[in-house]
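# Structural characterization, general
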Amino acid sequence: MLRTLFWVCLGLLMMPLLGRAQTPDTIRTSPPIPTVALDTVGVLPSAIDTKGWLLLDKDIQQELDGAVNNIYNFKYDRAEKQFRSLRRRYPNHPMPYFLLGLNTWWKIVPTQLQTLQYDKTFLAYMDTAVTKAQRLYDADNNNYEASFFLSASYGFSARLHGERHDWRKATVDARRSLNYLKKSQEANDLSPEFQFGQALFNYYSVWIGENYTLLKPVLLFFPKGDKKVGIQQLRSVANNGFYTATEARSFLMRILKNEENNAEEAMPIAKYLATTYPDNGYFQRFYALLAYDQGEFADCERVSREILDKINRGMPGYEGISGRYASYFLGYLMQNRYRDMAKAKDYYQRCIVFAESTGDNSGGFYLFSNVNLARMAVKAKDLAAAKRYYTVILDKADRKSEQHKEAKAWLKKNGKS
């Protein structure tokens, strides 16, 4: 049992997701791995031969600046064309394959990792990056750039395997990622890129113990993390990194909002991301959510309208999940800010359609859209519509929730049929 928990914990450590990963009942066991010590810097930068490292090549960074921006602005085809050009010149280096994989990863992210259509392509790119990096590492085990790409590629693969509940592959890849993370950390002072993995480990190694109490004993196998240090490191990477800066900001935004319950600090990061990458549906909906939470209703309305417009135009990365967010926010604003009940009803109904199209018919936006429509129907004396909406709430809402109690009371008083 302890070994099983060990592997689950290892998989979770390398898979910090938006929501909490589900823990499997059983998992195939493997030989134990050595405890990993994540020291900050073990080798003086002057003693490291960085010749041929693309990760630190300023000319390559300047060349790829637009390509990296294209990834996060959902200009997937443009980014892919630029990374393929890099691959033609450096066919034996892991960087082009890793960046092609990262570009593919951001085709999956807007769907909350639900879509399966890009899985094979993404994993193929990460596998190739591993193969290329392993050859460099085998030739020189002090090649910390190779360690970086091995850790990052295995880490991303672990995340996707975990999301697909393939726990064996997730934990095996996580183990390998953690081993190479230890190695790459010896070059931390050379570039902020090397701190990214350590930042996530520092934060989530503690977070897992706080949120998965069953796994606390297993965390004794791992080095002690520090959430504050992890957040500080993410801020450093966000401010000083190149390839990992936007990933660091994205994680920092989610951690502050979802894990630290600090929407106020997450807000400027979300605004920066949504402004810098205005065609990124994921960043836009997160910013709209925070603007809604913080009462910045003008920004919430503007961004929500942009989201729906881009969905109507069929822009890449804009789909039902973003539509669900945007239509609910606009429904709320029409109802409570503008007192336009006809438009509010239309937006709430659109939110329901978006939610049903993506299978998100038990979440808050879906339920509150039905609740608000039910109350509006009651006020308009449209009892048939009210019964229809309250019946949905009775079926979908948690039995202990206020929404379920409201629906049950109303239907009991007015009859279910």
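These numbers were taken from a predicted model, which means no experiment stands behind them.

Cut-offs and rules
Residues numbered from 1 in each chain as written. Predicted model: local features only at pLDDT ≥ 70, side-chain atom pairs only at ≥ 80, totals over all residues. Heavy atoms only, no water. Helix = DSSP H or I, 4+ residues; strand = E, 2+ residues; numbered from the N terminus. Buried < 20%, exposed > 50% of the residue type's maximum accessible area, 1.4 Å probe, protein only. Contact = heavy atoms within 4.5 Å. Areas by Shrake-Rupley, 256 points an atom, 1.4 Å probe, with all protein chains shown as cover. Salt bridge = Lys/Arg side-chain N within 4 Å of Asp/Glu carboxyl O. Axes fitted to C-alpha atoms, helices over the stretch in contact; angles between N-to-C directions. Parallel < 35°, antiparallel > 145°, perpendicular 65-115°, else oblique. Left-handed = near helix turned anticlockwise from the far one by under 90°. Nonpolar A, V, L, I, M, F, W, Y, C, P; charged D, E, K, R; others polar. Expected span 1.5 Å × (residues − 1). Arc of directions from axis to C-beta. Polar contact = N/O pair within 3.5 Å; in protein donor to acceptor, adjacent residues only side chain to side chain. Core = buried A, V, L, I, M, F, W, Y, C linked by side-chain atoms within 4.5 Å. Phe/Tyr/Trp six-rings, centres within 6.5 Å; stacked < 30°, edge-to-face > 60°.

On a plain count of helices and strands, the protein chain comes out with 18 helices and zero strands. Per-residue burial for the protein chain yields a buried fraction of 56% across its 417 residues. Looking at the protein chain alone, contacts between residues at least 24 apart form 66% of all its contacts between residues at least 6 apart. Accessible area of the protein chain: about 19100 Å², with a carbon and sulfur share of 48%.

Once that is clear, we can look at the environment of Asn 312. Here Asn 312 lies in helix H13 (residues 297–312). The exposure class assigned to Asn 312 is exposed, which follows from its relative accessible area of 61%.

The residue Ala 158 is located in helix H6 (residues 144–163) in this model. Overall, Ala 158 belongs to the buried group, its relative accessible area being 0%. When the C-alpha atoms of Ala 158 and Ala 174 are compared, they prove to be 5.5 Å apart, with 16 residues separating the residues in sequence.

Here the focus is the pattern of salt bridges. As enumerated under the stated definition, the model contains 21 salt bridges in all. With its nearest N and O atoms 2.8 Å apart, the salt bridge here joins Glu 210 to Lys 227. With Glu 210 in helix H8 (residues 195–211) and Lys 227 in helix H9 (residues 227–240), this residue pair connects regions lying 17 residues apart in the sequence. Among the residues examined, Glu 210 registers a relative accessible area of 45% and is labelled partly exposed.

Interhelical geometry of helix H2 (residues 58–72) versus helix H4 (residues 94–108) gives an angle of 20° and a closest axis separation of 9 Å. As the angle between them shows, H2 and H4 are arranged roughly parallel. In terms of crossing hand, the pair formed by H2 and H4 is right-handed. Facing Ile 60, Leu 64, Ile 71 and Tyr 72 of H2, the residues of H4 in contact are Met 95, Leu 99, Leu 102, Asn 103 and Trp 106. Classifying every residue of the contact of H2 with H4 by side-chain character gives eight nonpolar, one polar and no charged.

On to helix H15 (residues 341–357), then. Because the α-helix completes a turn every 3.6 residues, residues three or four places apart line up on one side. Compared with an ideal rise of 1.5 Å per residue, which puts 17 residues at 24 Å, H15 spans 24 Å between its outermost C-alpha atoms and is within 8% of the ideal. Those residues of H15 not exposed but buried are Ala 344, Tyr 347, Tyr 348, Cys 351, Ile 352, Phe 354 and Ala 355. All buried residues of H15 fall inside an arc of 165° around its axis, so they share one side. In H15, the exposed positions that point more than 90 degrees away from the buried face belong to Ala 342, Val 353 and Ser 357. Downstream of H15 by a residue or two, Gly 359 has a phi angle that is positive, lying close to 75°.

In this structure, Asn 143 sits in the loop between helix H5 (119–139) and H6. Within the structure, the side chain of Asn 143 is placed 2.9 Å from the backbone nitrogen of Ala 146, a separation counted as a polar contact. Those residues within four positions of Asn 143 in sequence are excluded, and the remaining contacts are Trp 53, Leu 136 and Tyr 137.

Now for the environment of Asp 279. When you line up the elements, Asp 279 lands in the loop between helix H11 (263–276) and helix H12 (281–293). Spatially, the C-alpha atoms of Asp 279 and Asn 73 are 5.1 Å apart, while their sequence positions differ by 206 residues. Those residues in contact with Asp 279 that sit more than four places away from it in its chain are Asn 73, Phe 74, Lys 75, Lys 310, Met 315, Pro 316 and Tyr 318. At 2.6 Å, the side chain of Asp 279 and the side chain of Lys 75 are in polar contact.

Once that is clear, we can look at the packing of H12 against helix H14 (residues 320–336). Where H12 contacts H14, the two axes come as close as 9 Å, and the packing angle between them is 30°. It follows from the interaxial angle that H12 and H14 lie roughly parallel. Between H12 and H14 the crossing geometry is left-handed. The residues of H14 that touch H12, namely those facing Gly 281, Arg 285, Ala 288, Leu 289 and Tyr 292, are Ile 321, Ser 322, Tyr 325, Tyr 328, Phe 329 and Tyr 332. The residue inventory of the contact of H12 with H14, partitioned by class, reads eight nonpolar, two polar and one charged.

By size, the foremost hydrophobic cluster in this structure holds 121 residues, and its most contacted members are Met 95 and Trp 106. With sequence-adjacent residues up to four places away left out, Trp 106 is seen in contact with Ile 71, Tyr 72, Phe 74, Tyr 76, Glu 247, Ser 250, Asn 280, Tyr 282 and Phe 283.

So, on to the packing of aromatic side chains. Summed over all chains, the structure comprises 35 aromatic pairs. Residues Tyr 72 and Trp 106 carry aromatic rings whose centres are separated by 5.3 Å and whose planes lie at 75° to one another, so their mutual orientation is edge-to-face. Placement of the pair is Tyr 72 in helix H2 and Trp 106 in helix H4, with a sequence separation of 34 residues. The exposure class of Tyr 72 is buried, given its relative accessible area of 0%. With centroids separated by 5.2 Å and ring planes inclined at 80°, the aromatic side chains of Phe 148 and Phe 149 adopt a geometry described as edge-to-face. We note that Phe 148, like Phe 149, is buried.

For the rest of this paragraph, the subject is unusual backbone geometry. As a rule of thumb, non-glycine residues mostly have phi less than zero, and peptide bonds are mostly trans rather than cis. The phi angle at Leu 113 is positive, at roughly 65°, despite the residue not being glycine. Position of Leu 113 relative to the elements: it lies in the loop between H4 and H5. Phi is positive for His 165, close to 65°, though the residue is something other than glycine. In this structure His 165 comes out as partly exposed when scored by relative accessible area, which is 42%.

So, about the side chain of His 404. Relative to the assigned elements, His 404 resides in helix H18 (residues 402–414). A distance of 3.4 Å separates a polar atom in the side chain of His 404 from the backbone oxygen of Leu 394. Leave out the neighbours within four places in its chain, and His 404 touches Ile 393, Leu 394, Ala 397, Asp 398 and Arg 399.

These figures come from the coordinates and say nothing about function on their own.
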